[in-house]
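Chain by chain, the residues:
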Amino acid sequence: MTDTPTQDDPHLRWIGRNAPRVEDDVLLRGGATFLDDIAMPGALEATFVRSPVAHGRIRGMSLEAARALSGVHAVLTFADLRPTLTCDRIPLALPAGGLRFDVDPPCLAIGEVCYVGEPVVLILATSRRIAEDAAALVELDIETLIPVVDPVAGLELGSPKARLDTPDNLVARTKVDYGDIDGAFAGAAHVHHETFHLNKGGGHPMEPRGVLARYDDLEDRLTVWDSTQMPHRAKAMLVASLGLTEHQVRVVTPEVGGGFGTKAVFHPEELAIPAASLLLKRPIKWVEDRFESFTASIGERDQVWSVEAAFEADGRLRGIRGLLRYDHGAATPYGIALPFNAATNLIGPYVLPAYRMDIDLCLTNKTPAAPTRGAGRPQGTFVMERLLDRAAAALGIGRDEIRRRNMIAPAQMPYTIPVKQRDGSMMVYDSGDYPQCQSKALEVAGWLDFPARQAQARAEGRFIGLGLANYVEATGRGPFESVGISIGPSGKVVVTSGATAQGQGVKTMLAQVVADVLGLDPTAIHVVVGDTAATASGLGAYASRQAVTAGNAAFAAATLLVDKARKAAAELLEASEADVEIHNGMLQVKGVPGHGRSLTQIARALAGTPGFALPGNLPPGLSAASDFMTSGLSYTNGCHLAEVEVDPETGGVKLNRYVVVHDCGRMINPMMVEGQILGGVVHGIGMTLFEWMRYDAEGQPLTVTFADYLLPTSDVVPRIEIHHLESPTPLNPLGIKGAAESGTIGAPSAIVSGIEDALRHLDIRIDTLPLTPPQLRRHVRASSHDGARA
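What you are looking at is a predicted structure, and each value in this text was computed from that prediction instead of being measured.

What counts, and where the lines are drawn
Residues numbered from 1 in each chain as written. Predicted model: local features only at pLDDT ≥ 70, side-chain atom pairs only at ≥ 80, totals over all residues. Heavy atoms only, no water. Pairing = 2+ DSSP bridges. Helix = DSSP H or I, 4+ residues; strand = E, 2+ residues; numbered from the N terminus. Axes fitted to C-alpha atoms, helices over the stretch in contact; angles between N-to-C directions. Contact = heavy atoms within 4.5 Å. Core = buried A, V, L, I, M, F, W, Y, C linked by side-chain atoms within 4.5 Å. Buried < 20%, exposed > 50% of the residue type's maximum accessible area, 1.4 Å probe, protein only. 1 Å grid on protein atoms, 1.4 Å probe; cavity = no way out; pocket = protein on both sides within 12 Å on 5 of 7 lines; lining within 4 Å. Points joined across faces, edges and corners; volume = space filled by probe spheres on them. Nonpolar A, V, L, I, M, F, W, Y, C, P; charged D, E, K, R; others polar. Parallel < 35°, antiparallel > 145°, perpendicular 65-115°, else oblique. Left-handed = near helix turned anticlockwise from the far one by under 90°.

(A) Highlighting the sheet that holds strand β24 (residues 596-598). Taken in spatial order, the three strands make up an open sheet running β22-β23-β24, and their pairing is antiparallel. For this open sheet the edge positions go to β22 (580-583) and β24, each flanked by a neighbour on one side alone. Between one strand and the next, the sheet's axes are offset by a mean angle of 20°, whatever the strand orientation. Across four bridges, β22 lies against strand β23 (residues 586-589) in antiparallel orientation. Residue pairing in the sheet places His583 in a bridge with Met586 of β23. The strands that helix α16 (residues 599-607) touches are β22, β23 and β24; relative to β24, the one it contacts most, it runs at about 80°.

In structure tokens:
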């Protein structure tokens, strides 16, 4: 069941409506062009020879047999590509005060390999099949070194180094610290100590990564088609690494079959393929296979939390302190945002008077780590929600009540937390009613009636539980996004933006906003995103940001365009500008229906006629642009309840029901918001019960197919009920917040809370993710033995 949002502003015609997605017709009819669909005449196919070991020194390579294979055009090492490059390593470093040193990766390994799957040799042939045959003929002589696979052991004194060119494995150290933490614990009535070991895997989009590069001698331009979330950043990396100027590089993002953070990071292959195209003056295509997506694409890794929480006798929080040790993989492709997100998101919708979390980032010999959907926030939320459940049990307080006692009240909004974020601003919750959100979720899920149902199920030999979790999500990260709108003499409305589509409905969102202002149907709006030639500046898709940034930029640009059209119409109609209104794409005099000019007519007038003045001496063209600059993060919030059924004998967990109450401010398209929430919940189910990127003691990945790395399937996903609250943010004109990741954030906490509730008689404490059936059975056996001893 979905609540229908109210629409308070009578001037908004499309914002807030469940408009059909403008992308779907071409997608559903198979007419969309994804990267691998692009057929480029004369293109060579690429494959990479990758490191078979987690850590080693390259002593030599045997390439002659591969080069001799018919159909092979080149077998390239880093030394071969170096003449096209300005530097040895890709300049990926992001500003971060806690970094002790940057570990930027090379496009191909230089003397050392640091994870299984690291690209070492690039092979170019007339077909992928021939390239892979040639790859099998390459022999690598690698001296195996001791790998670092445990982020806790890797930080110990005397641990082997994950990289030979770094002083040690502590790549970064930072903290979140405010309030009198020592005083909070000194005066506490209750203190709880916990350790959590939380694993999160990859984004695993349906379409893996891919790159197609072509250098045009005539235009002196390198065009790169890249399945990326951030084409403008990819362009910046290519300009910097290849020594080209901005006008010589164009990055185009075709249709993208999902990203989920995996495609936000610029990977080594995204430089190696364009560099080879420049070197050979040939188009080159590479499409990642699924094995490569497990071993070469970024993902999240282990987080180990050692924490303690101080409470008053009535369950109110006094303070939390601890240490977070984070597996950062073999490089720093995306700064240190992920563990910092985890630490700050722990605070959640609660009043936490004092907090200190030390954060150590350890280099390991695994694929470099970077954010996937949720970006550390599910883990931080999990820690807080487990601590609250522990305290509730110890103090004899209801799980709902201990949360209510600690919640930030609506009257406290905007609520400032003394934490400085990475952009230098303070952490400020802008709007929301957290108690109402939880109250509504409890009501919908039947919280008060559940104990009776639970008792009845127990009498029948079934173990059901109801889990609860609250969360917040910082959305709309800046600093800006760009949108341009133009209407030419043809009358076609064209919207261009630095935003990037990856399946989430960006084109629909922009079309709805623009259509709302212009009084047109969204289907009349043509949207171009993900092309650096169409929009000079942009940041792209990450951090649940594009509806906030690009949506408000579109609103501002459309408003500017209408203002110009109104001035031109007033001149053409010989009317006062104040008397001209826009209605259904027509600029007309108020109270005189039919007396006006269409946007097409105005666009033609402003296109100019040789020898004649433009209407009102306005600048030529009917167009406008806006760069929306964010003034702060907008915080989405929600409450999840999961009803689960547990089989203690098998360790099986079944999700019977799932309820979400969600508040992302004003919604542009509620249907698409629900799609994002639903998909996020499914991601969270996977993180909780199925997805586990495992490595052995030698750093060899053990889960490199979907037979071993499990994803949630339709038979395990319950009906997900989504309900909405709308607390518009004051930080942008549309009052909107992001929603793409929030479903992921609450799911692990709610599901595990439900499992513990189902097995409450065993007093099981779950402190690891994912929770697999064998692990749950071990918990049950250990608890049963403890009970027998007691």
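Next comes the rest of the description.
(B) Geometry of the nonpolar core. Ranked by size, the top nonpolar core spans 92 residues in total, and within it Trp305, Tyr355 and Tyr429 carry the most contacts. It is helix α10 (residues 377-395) that contributes the most residues to this core, eight residues altogether. Apart from residues no more than four positions distant in its own chain, Tyr429 is found in contact with Ile347, Gly348, Pro349, Ile408, Met413, Pro414, Tyr415, Ile417, Tyr434, Val472 and Tyr635. Counting 50 residues, the second-largest nonpolar core is a separate cluster that includes Ile485, Ala550, Leu573 and Ile736.

(C) Highlighting the environment of Val493. Relative to the assigned elements, Val493 resides in strand β20 (residues 493-497). Distance in space between the C-alpha atoms of Val493 and Ala511 is 9.7 Å, their sequence separation being 18 residues. Sequence-distant contacts of Val493, that is, excluding residues within four places in its chain, are made with Ile485, Ser486, Ile487, Val514, Leu518, Leu520, Ala524, Ile525 and His526.

(D) Region of the structure containing the layout of surface pockets. There is about 780 Å³ of room inside the second largest pocket. For the second largest pocket, the lining is made up of 28 residues, of which Leu94, Pro95, Arg422, Asp423 and Arg477 are closest to its centre. Of all elements in the fold, only α6 (231-242) and α9 (337-345) reach the threshold of two or more residues within the lining of the second largest pocket. Here the residues of the lining of the second largest pocket are counted per class, giving 13 nonpolar, 10 polar and five charged.

(E) Molecular detail of the packing of α6 against helix α7 (residues 269-280). At their nearest, the axes of α6 and α7 sit 11 Å apart, and the two run at 50° to each other. When the interaxial angle is binned, α6 and α7 end up oblique. For the crossing formed where α6 meets α7, the hand is right-handed. Where α6 abuts α7, its residues Leu238, Ser241 and Leu242 lie against Glu270, Leu271, Pro274, Ala275 and Leu278. In terms of residue class, the contact of α6 with α7 is made up of six nonpolar, one polar and one charged.

(F) How the structure looks around unusual backbone geometry. Each neighbour pair has its own omega, and for Met413 with Pro414 the value is -5°, a cis peptide bond. Positionally, Pro414 belongs in the loop between α11 (399-406) and β16 (415-420). The phi torsion at Phe260 lies on the positive side, around 55°, for a residue other than glycine. With respect to the helices and strands, Phe260 occurs in the loop between β11 (249-252) and α7.

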